[in-house]
Amino acid sequence: MVPSKPLPIDVEPPPEDERLVAPETPYEMVDGELVYVPPSDYDHGERQSKAAGLIDACVRPEFSVVTEVLTRTSRTTDIAPDISVYPRARDPATGRRRIAELAFEVVSTQSLASAADKARRLSARGVRRVFAIDVERSRALEAWRRLDIAACIEDPVLAVGLAIEPLVKAAIMDDAVARALIAKNNPVIAAEKADSRRKGRAEGRQEGRAEGRQEGRAEGRQEGRAEGREQGLVEAMQRSLLQLLAARGTSLEAADRARILEERDVQRLERWFARAVHGASVADVLADP
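Keep in mind it's a predicted model, so treat the numbers as computed, not measured.

A. The arrangement of the layout of surface pockets in detail. Considered as a void within the structure, the largest pocket measures approximately 820 Å³ in volume. Residue lining of the largest pocket: 33 residues in total, with Glu28, Val37, Glu68, Ala80 and Lys118 positioned closest to the centre. The set of elements that each furnish at least two residues to the lining of the largest pocket consists of strand S1 (27-30), strand S2 (33-36), helix H1 (42-58) and helix H2 (112-125). The element best represented in the lining of the largest pocket is H2, accounting for 4 residues. The residue inventory of the lining of the largest pocket, partitioned by class, reads 14 nonpolar, 8 polar and 11 charged.

Here it is in structure tokens:
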């Protein structure tokens with residue numbers, strides 16, 4: 001699949017960001033020939049967009065992910081990989097953009113042979129690794145060897161491994177982006193998680209207070225009912241004792257009557273009632289302290 005034609009050798013290739021064709025135009029220059037690059041079809045464009053998002057979620061902060069940026073591979077060739085990963089820092093000696101570390105080609109309507117030729121040129125220019133994302137066959141390749149779909153691409157530019165399966169299956173790519181951002185401890189996601197925990201604790205405290213108030217009200221009602229029953233029993237004993245003493249013709253001083261009505265101890269009232277049954281005097285009935 002890889003073209004056998006040898007590439008022209010540049011003893012000293014021109015700077016990577018020197019242009020043979022104008023940026024923002026649908027052209028590339030290949031071996032001195034102006035080549036029209038048609039717009040992508042829907043599948044290609046969707047996969048390229050999603051793949052760029054996933055790759056961007058995985059790279060370290062000192063690298064940037066760009067799409068369709070021209071790369072000068074030789075004196076006669078200026079081509080644009082679909083997706084490139086560049087160091088953010090410029091070359092300190094020249095102030096120019098550095099060579100891309102990784103490049104990705106989305107293969108759909110474009111022939112695999114054409115993508116392989118582009119990959120060979122990028123590698124010869126110094127791009128460390130070049131990958132193909134084959135839309136129609138749901139596979140990924142590096143150096144035109146098929147990669148295990150269950151594996152991850154590991155590289156120094158990546159903060160987390162770039163999972164291959166979501167890279168070639170758009171339907172599960174959003175989940176992979178979310179997992180990559182969580183693994184990188186994305187500050188927005190970390191803040192959302194912290195805020196969620198704070199809200200959870202606050203809601204827990206509110207629920208706890210509400211439950212406490214509800215339990216307190218229930219306990220209060222129970223205590224109130226118990227106190228009510230106790231009060232009712234005391235009043236019944238007081239009335240019964242006064243009625244018994246009156247029935248037996250026992251006269252009561254105001255102080256004795258007040259003492260009976262102020263007494264709240266049910267057991268003491270019961271003792272007084274038992275003594276009154278036997279006809280004891282008021283002094284004997286109320287003898288105990």
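What follows continues from the structure just given.
B. The pairing of strand S8 (residues 129-134), seen in detail. S8 sits mainly inside the fold: 6 of its 6 residues count as buried. What you see with S8 is no split at all: Arg129, Phe131 and Ile133 on one side and Val130, Ala132 and Asp134 on the other are buried throughout. As defined by bridge partners, strand S7 (residues 102-107) adjoins S8 across 6 bridges and the pair is classed as parallel. The residue of S8 that forms the bridge with Phe104 is Phe131. Sheet analysis places S8 next to strand S9 (residues 139-142), joined by 4 bridges and oriented antiparallel. The partner of Asp134 across the bridge, within S9, is Arg139. Counting the residues between successive antiparallel strands, the hairpin from S8 to S9 contains 4 residues, one of them, Ser138, with a positive phi of roughly 50 degrees.

C. The arrangement of the sheet that holds strand S6 (residues 83-87) in detail. The 6 strands are arranged S3-S6-S7-S8-S9-S10 in an open sheet whose pairing can be described as mixed. The open sheet has two free edges, formed respectively by strand S3 (63-67) and strand S10 (145-146), since each of these has just one partner strand. Packed on one face of the sheet, H2 meets S7, S8 and S9 and runs near 170 degrees to S7.

Rules and cut-offs
Residues numbered from 1 in each chain as written. Predicted model: local features only at pLDDT ≥ 70, side-chain atom pairs only at ≥ 80, totals over all residues. Heavy atoms only, no water. 1 Å grid on protein atoms, 1.4 Å probe; cavity = no way out; pocket = protein on both sides within 12 Å on 5 of 7 lines; lining within 4 Å. Points joined across faces, edges and corners; volume = space filled by probe spheres on them. Helix = DSSP H or I, 4+ residues; strand = E, 2+ residues; numbered from the N terminus. Nonpolar A, V, L, I, M, F, W, Y, C, P; charged D, E, K, R; others polar. Buried < 20%, exposed > 50% of the residue type's maximum accessible area, 1.4 Å probe, protein only. Pairing = 2+ DSSP bridges. Contact = heavy atoms within 4.5 Å. Axes fitted to C-alpha atoms, helices over the stretch in contact; angles between N-to-C directions.

Read these as geometric descriptors, not functional statements.
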